[in-house]
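# Architecture and fold: a report
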Amino acid sequence: MSRLQSLLINPVLNKEIKLRFRSFKNFLGIFLFLAICGAVCLAFIYTETQFSYDGFTAEDSKNLFLLLSMGQLGLIVFITPGLTAGAISGEREKQTLNIMLTTQQSSTSIILSKLFSSLLYLILMLVASLPLYSIVFLYGGVSPQTVLIMFGYLFLTMLAIGSIGIMFSTLIKRTIISTITTYGTMLFLVVGTVILFLIIIRLIVGFSQGTTGGPQSTDHILPYIVLVLNPAVSMLFSLETNSLVYEFQQIGVDWPFWVGFTIAYGAITLITLLIAIKKLRPSMRRKKKG
Amino acid sequence: MIEIVNLTKHYGSFTALDHLNLSIEKGTVFGFVGPNGAGKSTTFSILATLLAPSEGTAYINGIDVTKDPKQVRKLIGYVPDFFGVYDKFKVHEYLDFYGASYGIPNEERKAVIPQLLELVNLTDKTDSYVDLLSRGMKQRLCLARALIHDPELLILDEPASGLDPRARVEMRGILRELKNMDKTIIISSHILPELSEICDELGVIENGQLIAHGNVRQIENQLQAQKVLQVKVTENIEHAVSFFEDDPNVLEITRDEQDDMLLQLSYQGTEEDQVALLKKAVEHGLAILTLSQKQTNLEDIFMEITKGDE
């Protein structure tokens, strides 16, 4: 078995999947999720067909797609911290971590297994919801490429949030504090970045007007960086390609949102996972004094 | 097998281990004795590569725990003082998971797991969920888990704690079998008579320092400078008291509260001095019914060395 294979397919991952999927509440979670998504779809179609004169059009289909996509993103942002923020601290609290750490499993394989087993559950949820998207295809309005972009966003978002959760779970001893910290980070990414964006734009515009007497095109990249950190805004603007692109071109940024988002969330995933791997086991080498 | 060199661990201003030096030969069953907070679990955690020392190091089979912890993990089986088990995991799955974690091939695991379950008397629990086992069974299962990769060294931190008498006897039996299998075992326990029964060597640790090391008899000699002689006379106890008071090796005489013809002498003389004392007492006409040395055990020694903490 290659090194990469043993990192991805290993006893910890097998154990995690076995234990996770043996639990009835996980199946109940998927059932409820699909029931809610289905109900939302039916309610949307009902509203559009009953209260509009032109029936269910391709435009309505696109809106339903956006609604489903944003709903699933909300689900990921809401559920992923709960699934990952106790991954290591939970083992520590259950007093099973020390035993695992004395085995031959590497820190990398333990951390990646914990992350992937949590994400597999979410991926199962997303895959299980695929038939709902067939409703959208039935009425047209959305290309398969758009669906792929959407799934790319969802996957990268869960990867980054999951990694943040695992990192806090490794650094913080108690699950409850780790979970709160991870949710706090999510709150910043989803709400805080929008507020920060508005403040920065306000400052930039105010500063430009104060110094030159009128707005002008600058190379301010900060608002863009702040906004690509927001998965909801980033995904929405990538699916609705016309929004905000012109405004960002005005301030000198001509990168598509998905590029910035991929770089930012890829970096977050990488950095947080490296920290978690580094901090899982104590460094046995003593620090040199002086 | 184990070489501990100047091992020191500080937690802030508290020193849990203070330049501990210890050497344990291969195949030895070594008992680590000491009060709570003496540094036993800290030593075990460092040997198990779960904790970095502040100073010094330890070698297991010549491998430095601070430099090559991954290699050390292959050599050790660790049973911590407190441990948990996974919910919804069956006994054979539990062992299979840890076997796979040590990289043991599937076929080999299938062969080894029943043997281990037989060793720890859990064969009939193969398909039981681990979280439903009793404390004693979990303890034995954890021991089987620590043996899954056939380690040369077993580190057992209080394996008998919280067990009822029957479970302790069973645990002791398993440890004897492991001793016969020529495993090197280091074990800490507060059940000191049990340690003295199964251990080849003992180390007494207090405040992070090793204060005695050797076999049971050597430990007693190291920690016990004076012995207690019990003298029972049939008549004239006052005469006996004045006789023994004159002996320079008798440090203190106390009369037994229950038996007014029984004296307890704190005695610092050698065995030859003791023979001479008895001979002289008989010549002196004392009506001695018995003269015996009070049997002390590890429990007494443990109480003696830990009384300062109370």
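Residues numbered from 1 in each chain as written. Chains lettered and ligands numbered in written order. Predicted model: local features only at pLDDT ≥ 70, side-chain atom pairs only at ≥ 80, totals over all residues. Heavy atoms only, no water.

## Quick word on the overall build of chain A
Helices and strands together make up the secondary structure of chain A, namely 14 helices and zero strands. Counting helices and strands in the order they occur from the N terminus, chain A gives α-α-α-α-α-α-α-α-α-α-α-α-α-α. Counting across all 290 residues of chain A, residues that qualify as buried make up 47%. Nonlocal contacts in chain A, meaning residues at least 24 apart in sequence, comprise 81% of its contacts between residues at least 6 apart. When the accessible surface of chain A is totalled, it reaches about 14800 Å², and 69% of it is carbon and sulfur. (Helix = DSSP H or I, 4+ residues; strand = E, 2+ residues; numbered from the N terminus. Buried < 20%, exposed > 50% of the residue type's maximum accessible area, 1.4 Å probe, protein only. Contact = heavy atoms within 4.5 Å. Areas by Shrake-Rupley, 256 points an atom, 1.4 Å probe, with all protein chains shown as cover.)

## Let's talk about the packing of helix α8 (residues 130-139) of chain A against helix α9 (residues 144-171) of chain A
Residue and element names in this part refer to chain A. It is the contact of α8 with α9, at a shortest axis distance of 12 Å, that shows an interaxial angle of 145°. Relative to α9, the crossing made by α8 is right-handed. Residues Leu130, Tyr133 and Phe137 of α8 form the contact with α9, whose participating residues are Pro144, Val147, Met150 and Phe151. A class-by-class count of the residues in the contact of α8 with α9 yields seven nonpolar, no polar and no charged. (Axes fitted to C-alpha atoms, helices over the stretch in contact; angles between N-to-C directions. Left-handed = near helix turned anticlockwise from the far one by under 90°. Nonpolar A, V, L, I, M, F, W, Y, C, P; charged D, E, K, R; others polar.)

## What to know about the interface of chain A and chain B
On the chain B side, the residues contacting the 25 residues of chain A number 39 residues. A combined buried area of about 2900 Å² lies between chain A and chain B, and 61% of that area is made up of carbon and sulfur atoms. Interface area lost by chain A to chain B is led by A:Ile99, A:Gln104 and A:Met284, which between them contribute 27%. Remark: the boundary between chain A and chain B carries zero salt bridges. If you look at where chain A meets chain B, you find seven residue pairs in polar contact (both at pLDDT 80 or more). Going through the elements one at a time, α2 (11-22) and α6 (97-101) of chain A are the ones with two or more residues in the side of chain A that touches chain B. (Buried area = accessible area lost by both parts, 1.4 Å probe. Salt bridge = Lys/Arg side-chain N within 4 Å of Asp/Glu carboxyl O. Polar contact = N/O pair within 3.5 Å; in protein donor to acceptor, adjacent residues only side chain to side chain.)

## Considering the environment of B:Ser41
Residue and element names in this part refer to chain B. As for its position among the elements, Ser41 is in helix α1 (residues 40-47). Residue class for Ser41 comes out partly exposed when judged on its relative accessible area of 27%. As for Ser41 and Ala16, which are separated by 25 residues in sequence, their C-alpha atoms are 9.6 Å apart. Sequence-distant contacts of Ser41, defined by excluding residues within four places in its chain, comprise Asp81 and Asp157.

## A few points about the sheet that holds strand β8 (residues 184-188) of chain B
Residues and elements named next belong to chain B. Overall, mixed pairing links the six strands, which are arranged β6-β7-β8-β3-β9-β10 in an open sheet. Because the sheet does not close on itself, it has two edges, and the strands there are β6 (76-79) and β10 (209-214). Between one strand axis and the next, the sheet turns by 15° as a mean value, whatever way the strands run. Pairing analysis gives five bridges linking strand β9 (residues 201-206) to β10, with the strands arranged antiparallel. (Pairing = 2+ DSSP bridges.)

## Topic: the nonpolar core
A:Met150, B:Ile60, B:Tyr94, B:Leu141, B:Leu178 and B:Ile186 are the most contacted members of the largest nonpolar core, which totals 152 residues. If near-sequence neighbours (up to four positions away) are discounted, A:Met150 is found in contact with A:Phe65, A:Ser69, A:Tyr133, A:Met235 and A:Leu239. In this structure, B:Leu229, B:Phe244, B:Val250 and B:Ala281 belong to the second largest nonpolar core, which totals 15 residues. (Core = buried A, V, L, I, M, F, W, Y, C linked by side-chain atoms within 4.5 Å.)

## Description of the side chain of A:Gln72
All names here are of chain A. Along the chain, Gln72 falls in helix α4 (residues 58-84). Engagement of the side chain of Gln72 in a polar contact is seen with the side chain of Ser129, the distance being 2.6 Å. If sequence neighbours within four positions are ignored, Gln72 has contacts with Phe33, Leu126, Ser129, Tyr133 and Leu154.

## As for the packing of aromatic side chains
Aromatic rings considered in pairs are described by the distance between their centres and by the relative angle of their planes. Residue and element names in this part refer to chain B. Counted under the stated rule, the structure contains 11 aromatic pairs over all chains. Through pairs of rings, three or more aromatic residues link up here, namely Tyr86, Phe89, Tyr94, Phe97 and Tyr98. Lying across the ring of Tyr11, Lys9 places its NZ or CZ 5.5 Å from the centre. One Lys or Arg, Arg145, reaches over the ring of Tyr98 and ends 5.5 Å from the middle of that ring. (Phe/Tyr/Trp six-rings, centres within 6.5 Å; stacked < 30°, edge-to-face > 60°. Lys NZ or Arg CZ within 6 Å of the ring centre and 35° of its normal.)

## Quick word on the UniProt feature "transmembrane region" (unreviewed entry) in chain A
All names here are of chain A. Per the UniProt record, "transmembrane region" (unreviewed entry) is annotated on residues 27-46, 66-88, 119-142, 148-171, 183-205 and 255-277. The span residues 183-205 is 100% helical and 0% strand by assignment, and the distance between its end C-alpha atoms comes to 32 Å. Helix makes up 91% of residues 255-277 and strand 0%, with an end-to-end C-alpha separation of 32 Å. (UniProt positions renumbered as here; feature names shortened; annotations may be inferred.)

## Points about the environment of B:Thr123
Residues and elements named next belong to chain B. Along the polypeptide, Thr123 turns up in the loop between α4 (106-119) and α5 (135-147). On the accessibility criterion, Thr123 (45% relative accessible area) is partly exposed. Taking C-alpha positions, Thr123 is 9.5 Å from Val91, a pair spaced 32 residues apart along the chain. Residues within four places of Thr123 in sequence aside, it is in contact with Leu117 and Glu118.

## As for the side chain of A:Glu91
With respect to the element layout, A:Glu91 can be found in helix α5 (residues 89-93). Taking relative accessible area as the criterion, A:Glu91 reaches 4% and is therefore assigned buried.

## Considering the pattern of salt bridges
Throughout the structure, instances matching the rule amount to 11 salt bridges over all chains. One salt bridge connects A:Lys15 with A:Glu16, and the closest N-O pair in it is separated by 2.7 Å. Put simply, B:Lys179 and B:Asp200 hold a salt bridge, and the shortest N to O gap is 3.4 Å. Residue B:Lys179 is located in helix α6 (residues 165-180), and its partner B:Asp200 is located in the loop between α7 (192-198) and β9; the two are separated by 21 residues in the primary sequence. B:Lys179 sits in the partly exposed class, given a relative accessible area of 27%.

## Here's the deal with helix α3 (residues 91-101) of chain B
Summarising burial for α3(B): nine of the 11 residues are buried, a large majority. What α3(B) keeps buried is the set B:Val91, B:Glu93, B:Tyr94, B:Leu95, B:Phe97, B:Tyr98, B:Gly99, B:Ala100 and B:Ser101. In the core, the buried residues of α3(B) are packed alongside α2 and α6 of chain A together with α4 and α5 of chain B. Following α3(B) by one or two positions, B:Gly103 has its phi on the positive side, about 75°.

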